[in-house]
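Now for the letters of each chain:
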Amino acid sequence: MQNLNWVPKMYTVAPDSGSYFAAVNNITKNALSFLSAFDATAKFAHNGQNFNDSATWAASMRARFGYEPDSFSAFGTLAPLILQRAIERAGSLTPSAVRDAVRTLDIETFMGRVSFAADGANQNSGVLQQFQNGIRRIVAPPLFADAEAVYPMPEWNLREFKQAFGSGSEIAVIVITSIGFLYSLVLIVLTAVFWKNPIIRASSPTFLCGVLFGSLLLYGSNYAALINVINLASCNIQVWFLALGFIGAWFLLTVGSRFSC
């Protein structure tokens, strides 16, 4: 969308996962995706019979499993909880009796009220969240909102993108890549300077320079892969540099070494 300079008024729905949030926050502070998901904060508390509220549930999940729970974790807890309450109401394990009990449930849980319409639809209303300045904010309903929704989305030139090569692992890759790039470049220069040296001539200077040039393309693909400018050109550069560098070097290793000059 950025490459086409197309800005929709809103973008939804973002996946509710920690890896998605980390990836987005690594690129920009201005991601404004909406998502309809459970939010485990003290403000979103319903004082249900189990776990008391969402904050208590989230704390127990962190303590037991060691990770930040998301909507998938919450629904995974809520589903068996509903089944338990339905079995208790039905007083039976007969599938039809449990099914009928589920239909008549009207209970408060750590995710809010759970009740079902005649067609089986859950009548519980969730919350609408939006990324704002790298943070998930609740924007609806007003009862739980802690921020106003940003709508429509701002133009691309009004957004702030984080500097490329910002993480420690990216910096390490770039440092190693740069050392390798400069080393290959120095070897090309030395090969050109000592072109007529008997040792260089015996190794075929053209072959050596070709292989070293292929290594420069391979190193260059790392730069293209780590920049935070994602468009058609950056993607093509990465693929072509990687392909030409590898295939060119492999070709010279298998065929080019037969020719010397």
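Further up the page is the structure itself.
Residues numbered from 1 in each chain as written. Predicted model: local features only at pLDDT ≥ 70, side-chain atom pairs only at ≥ 80, totals over all residues. Heavy atoms only, no water.

### Topic: the pattern of salt bridges
Within this structure, the stated rule accounts for five salt bridges. Between Glu 68 and Arg 62 there is a salt bridge whose closest N-O contact spans 2.8 Å. Taking relative accessible area as the criterion, Arg 62 reaches 33% and is therefore assigned partly exposed. Between Arg 103 and Asp 100 there is a salt bridge, with the nearest N and O atoms lying 4.0 Å from each other. (Salt bridge = Lys/Arg side-chain N within 4 Å of Asp/Glu carboxyl O. Buried < 20%, exposed > 50% of the residue type's maximum accessible area, 1.4 Å probe, protein only.)

### A closer look at helix H5 (residues 168-193)
For H5, spanning 26 residues, the distance from its first C-alpha to its last is 38 Å, which sits close to the expected 38 Å at 1.5 Å a residue. Considered for burial, the residues of H5 that qualify are Glu 170, Ile 174, Thr 177, Gly 180, Ser 184, Ile 188 and Thr 191. (Helix = DSSP H or I, 4+ residues; strand = E, 2+ residues; numbered from the N terminus. Expected span 1.5 Å × (residues − 1).)

### Quick word on the nonpolar core
Grouped together as the largest cluster of nonpolar side chains are 16 residues, with contacts concentrated most on Trp 57, Leu 78, Ile 82, Phe 110 and Val 114. Of all the elements in the fold, those that place two or more residues in this core are helix H2 (54-65), helix H3 (71-90) and helix H4 (95-103). By residue number, the principal contributor to this core is H3, which donates five residues. Apart from the residues within four sequence positions on either side, Ile 82 is in contact with Val 102, Leu 105, Val 114 and Phe 116. (Core = buried A, V, L, I, M, F, W, Y, C linked by side-chain atoms within 4.5 Å. Contact = heavy atoms within 4.5 Å.)

### Remarks on a nonpolar patch on the surface
On the surface, a cluster of nonpolar side chains totalling about 450 Å² of accessible area is made up of Val 186, Val 189, Leu 190, Val 193 and Phe 194. Relative to the elements of secondary structure, Val 189 occurs in helix H5. Accessibility expressed as a relative area gives 47% for Val 189, which makes it partly exposed. (Patch = residues over 30% accessible without salt bridge, like charges linked within 9 Å, V, L, I, M, F, W, Y side chains within 5 Å. Areas by Shrake-Rupley, 256 points an atom, 1.4 Å probe, with all protein chains shown as cover.)

### Let's talk about the side chain of Ser 73
Mapped onto the secondary structure, Ser 73 falls in helix H3. When its relative accessible area of 13% is taken as the criterion, Ser 73 is described as buried. Polar side-chain contacts of Ser 73 include one of 3.5 Å to the side chain of Tyr 67. Not counting residues within four places of it along the chain, the set of residues in contact with Ser 73 comprises Trp 57, Met 61 and Tyr 67. (Polar contact = N/O pair within 3.5 Å; in protein donor to acceptor, adjacent residues only side chain to side chain.)

### Some details on the packing of aromatic side chains
One pass over the structure, following the stated rule, counts two aromatic pairs. Arranged with centres 5.0 Å apart and planes meeting at 20 degrees, the rings of Trp 57 and Phe 110 form a pair that is stacked. With Trp 57 in helix H2 and Phe 110 in the loop between strand S3 (106-109) and strand S4 (112-115), this pair connects stretches of sequence that are 53 residues apart. Note on Phe 110: relative accessible area 0%, which makes it buried. Where Phe 65 meets Tyr 67, the ring centres are 6.2 Å apart and the plane angle is 40 degrees; that geometry is what we call tilted. A residue is classified by how much of its surface remains accessible, and Tyr 67, at 39% relative accessible area, is partly exposed. (Phe/Tyr/Trp six-rings, centres within 6.5 Å; stacked < 30°, edge-to-face > 60°.)

### Some points on the pairing of S3
Across the two faces of S3 the burial differs, with Ile 107 and Thr 109 buried and Asp 106 and Glu 108 not buried at all. The pairing of S3 with S4 spans four bridges and is classified as antiparallel. In the sheet register, Glu 108 faces S4, and the bridge partner there is Arg 113. Taking the residues that link successive antiparallel strands as the turn, the S3-S4 hairpin has two residues. (Pairing = 2+ DSSP bridges.)

### Section: the packing of H3 against H4
Contact geometry for H3 and H4: axes closest at 8 Å, N-to-C directions at 110 degrees. One way to sum up the angle between H3 and H4 is to call them roughly perpendicular. Where H3 approaches H4, its residues Ile 82, Leu 83, Ala 86, Ile 87, Arg 89 and Ala 90 are matched on the opposing element by Ala 97, Val 98, Ala 101 and Val 102. Across the contact of H3 with H4, the residue classes tally to nine nonpolar, no polar and one charged. (Axes fitted to C-alpha atoms, helices over the stretch in contact; angles between N-to-C directions. Parallel < 35°, antiparallel > 145°, perpendicular 65-115°, else oblique. Nonpolar A, V, L, I, M, F, W, Y, C, P; charged D, E, K, R; others polar.)

### Some words on the side chain of Thr 77
Among the secondary structure elements, Thr 77 is positioned in helix H3. Given a relative accessible area of 18%, Thr 77 falls into the buried group. Dropping the residues within four chain positions of it, Thr 77 is found in contact with Phe 51, Trp 57, Met 61 and Phe 110.

### Quick look at unusual backbone geometry
Residue Tyr 151 is joined to Pro 152 through a cis peptide bond whose omega torsion reads -5 degrees. Summarising the element assignment, Pro 152 is placed in the loop between strand S6 (135-140) and H5.

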